[in-house]
Each structure stands twice: as structure tokens, then as C-alpha cells.
Amino acid sequence: MQKILNVALANRSYPIAIGENLLSEFQHFKLKQGQRVLIVTNETIAPIYLQALIDMLENNGVKTDSVIVPDGEKYKTMETWNIILTALLANNHTRNTILIALGGGVIGDVAGFAASAYQRGIKFIQVPTTLLAQVDSSVGGKTAINHPLGKNMIGAFYQPQSVVIDLNCLKTLPQRELSAGLAEVIKYGIILDEAFFNWLESHIEDLLNLEVNALSYCIYRCCELKAQVVAADETEQDMRAILNLGHTFGHAIEAELGYGNWLHGEAVSVGMLMAAHTAKLLGKLTINDIERIKNLLIRAKLPVKRPTQMSVESYLPHMLRDKKVLSGQLRLVLPTKIGHVQVLDGIDKNVVFESIKLT
Ligand code: NAD
Ligand code: GLY
């Protein structure tokens, strides 16, 4: 069964198609005969999915080029961004070319940022192949690369023209990556939707087993929630910040331990628990809710203990570079009960240290 969802952003609105085997269905790409595309993917995904996508597009009259970049968070860099721009220039692509990001969040973020910059902006299509990218990074138009001094610090808000989510892609995804995606799934339940969190408590094993109906419902609901937030606050002036629950702590782990050592979703898992402990220390969350969050993360096969090699103090410099920081004051998204969060400014660093110690 296929589902279509709309991200409502006036003249930048776009559809998200969700279903099995969508990579072979031309209509979801919103392309026309005679158009040129550059497919951006990486050396892991290319051997599995690239040729079939090229064949399908060429059979429908689309002219394709492709560029294969190295795999991994540590390549979400200016160098990889430049490889994509060079491929566009070297193949004489014009403003009418459409870029297709075929891959996980790393490919989507770096390719989207290249699309935003090439000749001041060309259209692009997100074809997310990880659970994390299907429920989060491919939707909402955040594109970015990392800098040694901070994650996602250079980028643009740049919306795709369509998102094509093929559930079959998850069959080749390593289990650790599937679990990393579940961290962002659980995040939606905590920040916005208690009923969805309850549903996850009943279906988390179905998701780990790639049960199609459960996956389809879950991905649809996550995209629906994200689309609502993005439609309300596209450029993160206020409400969109709630999507960053756990990310301020998580980004510190990713940056301090070297990009790629802890997966983004794994760092977010531990980061969400740190945020939950901060909320508890401030009298805003019950121990029962912390236990429910922790148990669900454990069942999703996610880490719930902080990395032992990182000192408590080492989080702070990274956290102070977070994009949510206001006038040098820490600003955190804190759960106040399952399904509800609050963005709080000026949190005492000793409370933060204590919540890190408790995780
Ligand atoms: P990823 O892109 O590194 O993909 C994870 C791994 O799975 C990679 O090795 C990849 O090659 C491999 N892979 C991808 N699809 C596969 C498939 N179908 N079969 C087999 N292997 C496959 O990681 P990710 O978790 O998808 O994304 C994490 C990134 O997303 C981070 O950089 C994070 O900052 C970013 N992110 C962005 C947003 C946003 O709003 N733009 C939101 C959340 C996360
Ligand atoms: N993943 C956070 C956001 O899209 O805003």
C-alpha cells in the first residue's frame, strides 16, 4: 500500500511518497521526459541501488549522470560537497538539472547543500535509504556539512521537490543503522505524540523485524509530525527547535569522539536520556517517564549509557557552540511528560553536568 503526504510550504510544498518498491515507480519523482539529473550516492549504496535507478529513469526518457562519494559521517565535508559541484560543472549541467540524493542522511544533507549552491540553486529530490533519513533528514529542508569545530555548522534551508521513500531499501540496512533510525522515531513520540509513543511500546519489535504495515504506519506518522512542525516554523525561529531533543548532548558526543564513531542516532539516544535527567533535576519530569523512555530505547537496541571515554566537562564547549545557544546561555529542549517538551534557556551548567553523570 502506498501513502502520499504533503509538506505544506506555499510555493515550496512537496509530496512525500511512502511504499514498497517505489524506486521503480517513475511518477513519484516528479520528473519529465528529457530532463537531466545528477544522482549523488556513495560507494556502499551504489552497488545495491544505483543501476536500477538509472535504468528506470533512462527508460522514462530522463538523462542521468551519477557521482559516487566516499561513505561515512566523516565525509560530510566541504571536500565531498566540492566533489558534487565539480561533477555538475564537469558534465556541463545547467540550472535545469535536478539533483537526486540516493542514500542516508549524510548523502541527503551534503547533496542538498550542493543543490542549494550550484548556480545559486537547482532542484533536488530526496531518495532516503536509511530509516533515519526516511523519518527525519529527508524531510524539512535542512541541509549541511560538518566542520571540525561543529556538526552541521555550514548549510542552508533548502527544500526538495519530492521525497521518495522505498521501504524495500531497509532490507539491506545493517541492524545497527536501523536502531539508530529508531532513536529519531522514539524522539517524535516523546516530543509530540504520547499515543504514538504508546504504539511504539507495543510495536518496537515489529519495526526491528521490518514488518511492512508497522513500518509504513511508523514512517508515515513521523513524516506527518515533522511536516507539521516544518510547516509551522520552517527556519527554526522557535517551535522547530523541539525536533532537536537530545541533539545538543548528542552532537557533543559525535564531535568529541570523531564523526562516525558513535552513529548520530546512538548519540541522540543517550542525549535524549541526558535531557530527560536534566528535566527531572529541574522538577519537570517524573522518574516513571524516564524509565519508559529508557526501556523503549533499550528494546530498540540503542545505547543508554554515555561513552566512558568522555569526561563530563568535555561536553560543555561543544554544547555552547550549538545553534540554539543564545548570548552564551545554554538552551535545551526538555521533555516535561511523554508527548510534551519545553525549550528552556539559561540552564545551570552544574545541572547539565549532573544529568550527564546520571546517564
Ligand atoms: P548515513 O547516511 O551515514 O547512513 C548510514 C550507513 O548506512 C552508511 O554507511 C550508508 O552507506 C549505509 N546505507 C544507507 N542506506 C543503506 C541501505 N539501504 N542498505 C545498506 N546500507 C545503507 O547515516 P544516517 O543515519 O542515514 O544519517 C545521519 C546523518 O543525518 C547525520 O549526518 C545527521 O546529522 C543527519 N541528519 C540530518 C537531519 C536533517 O534534518 N537534515 C536530521 C537528522 C539527521
Ligand atoms: N532534525 C531536526 C530538524 O529537522 O529540524
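Since the structure is predicted, the reported quantities are computational estimates derived from the model, not experimental observations.

A word on the side chain of asparagine 42
The residue asparagine 42 is located in strand β3 (residues 36-42) in this model. A relative accessible area of 5% means that asparagine 42 is categorised as buried. Separated by 3.1 Å, the side chains of asparagine 42 and aspartate 71 make a polar contact. With near-sequence residues (within four places) excluded, asparagine 42 lies in contact with Ile68, Val69, Pro70, Asp71 and Ile107.

Topic: empty space enclosed by the protein
Tallied over the full model, the rule gives two cavities of 30 Å³ or more. Computed from the structure, the largest cavity encloses a volume of approximately 110 Å³. Along its surface, the largest cavity is lined by 13 residues, and Lys151, Met153, His251, His318 and Asp322 are the ones closest to its centre. Residue composition of the lining of the largest cavity, grouped by class: five nonpolar, four polar and four charged. Computed from the structure, the second largest cavity encloses a volume of approximately 40 Å³. Of all elements in the fold, only α8 (247-257) and β10 (331-337) reach the threshold of two or more residues within the lining of the second largest cavity. Among the elements that make up the lining of the second largest cavity, the one with the highest residue count is α8 (three residues). Looking at the lining of the second largest cavity residue by residue, the classes come out as five nonpolar, four polar and one charged.

A closer look at the site of ligand 2
Neighbouring ligand 2 are the residues Asp136, Lys142, Lys226, Glu236, Arg240, Leu243 and Asn244. Contacts to ligand 2 include aspartate 136, whose side-chain N or O atom sits 3.3 Å from a nitrogen atom. The contact in question runs from an oxygen atom of ligand 2 to an N or O atom on the side chain of lysine 226, over 2.6 Å. Taking 200 Å² as the accessible area of ligand 2 by itself, protein coverage stands at 89%. When its residues are assigned to classes, the shell around ligand 2 shows one nonpolar, one polar and five charged.

A short note on the packing of aromatic side chains
Inspection of the entire model under this criterion finds five aromatic pairs. Judged by centre distance (5.0 Å) and plane angle (20 degrees), the rings of tryptophan 81 and phenylalanine 113 are stacked. Placement of the pair is tryptophan 81 in helix α2 (residues 78-90) and phenylalanine 113 in helix α3 (residues 105-117), with a sequence separation of 32 residues. One exposure class covers both tryptophan 81 and phenylalanine 113, and it is buried. Ring geometry for phenylalanine 196 and tyrosine 217: centres 6.3 Å apart, planes at 65 degrees, overall edge-to-face. Of the two residues, phenylalanine 196 is situated in helix α6 (residues 194-208) and tyrosine 217 in helix α7 (residues 212-232); the sequence distance between them amounts to 21 residues. For phenylalanine 196, a relative accessible area of 0% puts it in the buried group. An aromatic cluster of three or more residues is present, and its members are Phe196, Trp199 and Tyr217. A cation sits over an aromatic face here: lysine 187 above tyrosine 188, 5.0 Å from the ring centre.

Details of unusual backbone geometry
The backbone of asparagine 21 shows a phi angle near 65 degrees, a positive value even though the residue is not glycine. Here asparagine 21 lies in the loop between β2 (14-19) and β3. Backbone geometry places lysine 301, a non-glycine residue, at a positive phi of 65 degrees. Of note, lysine 301 is situated in the loop between α10 (287-299) and α11 (315-320). Lysine 301 gets classed as exposed once you look at its relative accessible area, which sits at 54%.

Focus on the environment of leucine 243
Mapped onto the secondary structure, leucine 243 falls in the loop between α7 and α8. Judged by relative accessible area, leucine 243 falls into the buried class, the value being 6%. Each C-alpha atom of the pair leucine 243 and threonine 130 lies 18 Å from the other, and the pair is 113 residues apart in sequence. When residues no more than four places from it in sequence are discounted, the contact partners of leucine 243 are Lys187, Tyr188, Ile191, Lys226 and Val229.

Remarks on the layout of surface pockets
For the second largest pocket, the calculated volume is near 220 Å³. Lining the second largest pocket are 14 residues, and of these Arg12, Lys123, Gln159, Pro160 and Gln161 lie nearest its centre. In terms of residue class, the lining of the second largest pocket is built from seven nonpolar, four polar and three charged.

A look at the pairing of β2
With five of its six residues buried, β2 lies for the most part within the structure. In terms of strand pairing, strand β1 (residues 3-7) meets β2 through five bridges, oriented antiparallel. From the neighbouring strand, valine 7 faces β2, where its bridge partner is tyrosine 14. If you look at the hairpin formed by β1 and β2, you'll find six residues sitting between the two strands, and alanine 10 has a positive phi there, around 50 degrees. Pairing of β2 with strand β9 (residues 162-166), which is carried by four bridges, proceeds in the parallel orientation. Pairing of isoleucine 16 across the sheet is with valine 163, part of β9.

Here is what the cut-offs are and how they apply
- For every chain, the first residue of its written sequence is number 1, and the numbers climb from 1 along that sequence.
- Going through the entries in the order they are written, you letter the chains from A and number the ligands from 1.
- Where totals are concerned, whole chains, interfaces and linings use all residues; where local detail is concerned, this predicted model gives features only for residues with pLDDT of at least 70, and gives and counts side-chain atom pairs only at 80 or more.
- To get the side-chain values, take all heavy atoms of the structure and skip hydrogens and water.
- Where helices and strands are cited, they refer to DSSP runs of H or I of at least four residues and of E of at least two residues respectively, numbered from the N terminus.
- For every residue, the accessible area (1.4 Å probe, protein chains only) is compared with the maximum for its type, and the residue is labelled buried under 20%, exposed over 50%, or partly exposed between those bounds.
- Between N or O atoms, a polar contact is any pair within 3.5 Å; within protein, one atom must be a potential hydrogen donor and the other a potential acceptor, and residues adjacent in sequence are included only when both atoms are from side chains.
- Whether two residues are in contact is decided by their heavy atoms: any pair within 4.5 Å suffices.
- Lining residues are those with an atom within 4 Å of a point, where the points come from a 1 Å grid over the protein atoms alone and group into cavities, where a 1.4 Å probe fits but cannot get out, or pockets, open sets with protein on both sides within 12 Å along at least five of seven lines.
- Grid points are joined across faces, edges and corners, and a volume is the space filled by probe spheres set on the points.
- Each residue gets one label: Ala, Val, Leu, Ile, Met, Phe, Trp, Tyr, Cys and Pro are nonpolar, Asp, Glu, Lys and Arg are charged, and the others, such as Gly, are polar.
- If a single non-hydrogen atom of a residue is within 4 Å of a molecule or strand, that residue counts as near it.
- Computed with a 1.4 Å probe, the accessible areas rest on the Shrake-Rupley method; for each residue, only the protein chains presented here act as cover.
- A pair of Phe, Tyr and Trp rings is counted when the ring centres sit within 6.5 Å of each other, with Trp represented by its six-membered ring. The angle between the planes then sorts it: under 30 degrees is stacked, over 60 is edge-to-face, the rest tilted.
- Two limits define a charge over a ring: the Lys NZ or Arg CZ must be within 6 Å of the ring centre, and within 35 degrees of the ring normal.
- One requirement defines pairing of two strands: DSSP has to find at least two bridges between them.

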